[in-house]
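# Geometric and topological summary
Spelled out, the chains give:
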Amino acid sequence: MQTDSSFTFVLFGGTGDLSMRKILPALYEAHRAGMLAASGKIVAVARHEEDRASYLQWVNEHVKAHVAKSGVDENAWASFVDRIEYVKLDLGRAEDFVKLRDALQDHSGTRVFYLATGPSLFVPICHALASVGLNENARIVLEKPLGYDLRSSNAINDAVGEIFSEEQIYRIDHYLGKEPVQNLLALRFGNALFEPLWRREWVESIQITIAEELGVEARGDFYDNTGALRDMVQNHLLQLLSIVAMEPPHSMDSDSVRDEKLRVLRALKPIDPRDISKVAVRGQYHAGVIRGTSVPAYATEPGVKPDSTTETFVALKVEIENWRWAGVPFFLRTGKRLADRVAEIVVNFRAVPHSALGASALRAGANRLVIRLQPNETIRLYCLAKKPGEGMNLSSVHLDLAFDQFFKEGQMEAYQRLLLDVINGRLALFVRRDEQEAAWKWVEPILNEWAASGKPKPYAAGTWGPAAASAMLAQHGTCWLEEEN
Ligand code: BG6
């Protein structure tokens, strides 16, 4: 479907890493698929390139490599590049914003300002836009991390909120744009089958893992001041948790969905600082081997302080204080340089209350739903079945929905979906201010405690993190999914 109307997409940080890897490739894909209105324009804004010609050269050199696994369609690429204009702008120079306003004067349609810059620039850019009247009838997209803690995120939200109304603000969490996350909504709210089971009476525990093989890449500086709790838990993991645990919304409109997610975030059981060591594990990778390749320790990565205490791994036990989930542990986990790249949600249902079929009916590995977000998006329902032959011997089997086999079309990348949503004015997959505040409030005691004392536990790169993460689950008579296999 093509965007509803014409648009001008103004990209601040036009030569940054995010623009190169995600935003411009996603816009190209949408263009190639015929999803952008023909008159829509992209206006890249940056300080480094002199003019449009040199910017386009940069785009050719840096963006093409990140476009479509299937390769670049040269015709589509050429017409995509035709959409791109360039404004050289120094954020500190008020006259440059006048220049930007003039450059946008003849552009019609929806105006989007995408701030693919560090969060410290969000407020100055918004002020400068307002000073030349560019905040009117516009949408603004803010990348994470939005702030460093509750106070700084409130300060940014207050300042941006004085210039743009909440309906104009699109806070990106790219996990919400992933196809399988959308599918989780379809699975939960399109099928009556799961709803009666989706609660404390039938669910024993839930695990949500986002594991990465990558380290901090070229972002050591940024990451060392951020850590996994801010980079992944406060946003991606808590957003996934809220979608898994939310009540059925009245409709899929933006506020119905976000109201329900907010209720979950507000119902998270506050963490008592004295209990943090029981419910939270932090780790930092040491040198190790991943798929046969040696990788260095976090503390020796460029941009990282040698005595850094920043966590590259977090595992948490979370509880939700409401009727549906009281007493059900949610185990969240994320880390860099782990044994595998995988993001998945595991719903462990309770075993049968009495096994008429013998002890094998109580074995692990059944009564489980695994939603694999990446790679190889699948939904798998594990059940017990009788093994062929004599006797009643049971074995775990699974019913499989592999999306790429069922729906032959390719999946849409998260950024592509989210950028189209911004252009079309759909807010449902963007984080509302109150959700963000609730998430910061909940993580803050852990942030404070970790900043004040102790060090992360070491783990070798290429493993599943510190042993303490397994011990935490063992206390609840369970284990991480990969430990069962
Ligand atoms: C980003 C984090 O938000 O998500 C990165 O800043 C992380 O550190 C990335 O690598 C993971 O996203 P994905 O889509 O590759 O799982």
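A brief structural summary. Residue positions are given per chain, counted from 1 along the sequence in the order it is written. Selection of residues for local features in this predicted model requires a pLDDT of at least 70, selection of side-chain atom pairs for listing and counting requires 80 or more, and totals for whole chains, interfaces and linings are taken over all residues. Note that the side-chain values use all heavy atoms of the structure and ignore hydrogens as well as water.

This part is about the pairing of strand β14 (residues 368-374). Remember that side chains alternate between the two faces of the sheet whenever the strand is regular. The classification of residues rests on relative accessible area computed with a 1.4 Å probe and restricted to protein chains. Under 20% of the type maximum is buried, over 50% is exposed, and intermediate values are partly exposed. Where helices and strands are cited, they refer to DSSP runs of H or I of at least four residues and of E of at least two residues respectively, numbered from the N terminus. Of all seven residues in β14, six are buried, a share of seventy percent or more. Strand pairing follows a simple DSSP-based rule, namely that at least 2 bridges must link the two strands. Both strand β13 (residues 342-349) and β14 contribute to a ladder of six bridges, which runs antiparallel. Opposite A343, over in β14, you have Q374 as the bridge partner. Two elements, β14 and strand β15 (residues 378-386), share five bridges in a ladder whose sense is antiparallel.

It is worth spelling out the environment of A469 at this point. Inspection of the secondary structure puts A469 in helix α15 (residues 467-474). Taking the C-alpha atoms as reference, A469 lies 8.4 Å from V314; in sequence the two are 155 residues apart. Once you skip the residues sitting within four places of it in the chain, A469 turns out to touch V281, F313, A315 and W480. Contacts were defined at the residue level, with two residues in contact if any of their heavy atoms lie within 4.5 Å.

Right, let's talk about the sheet that holds strand β3 (residues 84-88) for a bit. The strand order β3-β2-β1-β4-β5-β6 describes an open sheet built from six strands, whose pairing is parallel. For this open sheet the edge positions go to β3 and β6 (169-171), each flanked by a neighbour on one side alone. Within this sheet the neighbouring strands show an average axis-to-axis angle of 20°, counted without direction. Relative to strand β2 (residues 41-46), strand β1 (residues 7-12) runs parallel, the two being bridged by five bridges. The residue bridging V10 from the neighbouring strand is V43, located in β2. On top of the sheet, helix α5 (residues 122-131) reaches β1, β4 (110-115) and β5 (138-142); it is set at about 150° to β4, its chief contact. Axis lines are fitted to C-alpha atoms, over the contacting stretch for helices. Their N-to-C directions set the angle, which ranges from 0 to 180 degrees.

Working note: non-glycine residues mostly have negative phi, and peptide bonds are mostly trans. In this model, K144 is joined to P145 through a cis peptide bond whose omega is 0°. Within the secondary structure, P145 is located in the loop between β5 and α6 (150-161). Cis geometry is found at the peptide bond from Q374 to P375, where omega equals -15°. Mapped onto the fold, P375 is located in the loop between β14 and β15. Residues other than glycine seldom take positive phi values, yet N137 does so here, at roughly 50°. As for its position among the elements, N137 is in the loop between α5 and β5. Its identity is not glycine, yet N376 carries a phi of approximately 55°, on the positive side. With respect to the helices, strands and loops of the structure, N376 is situated in the loop between β14 and β15. Judged by relative accessible area, which is 56%, N376 ranks as exposed.

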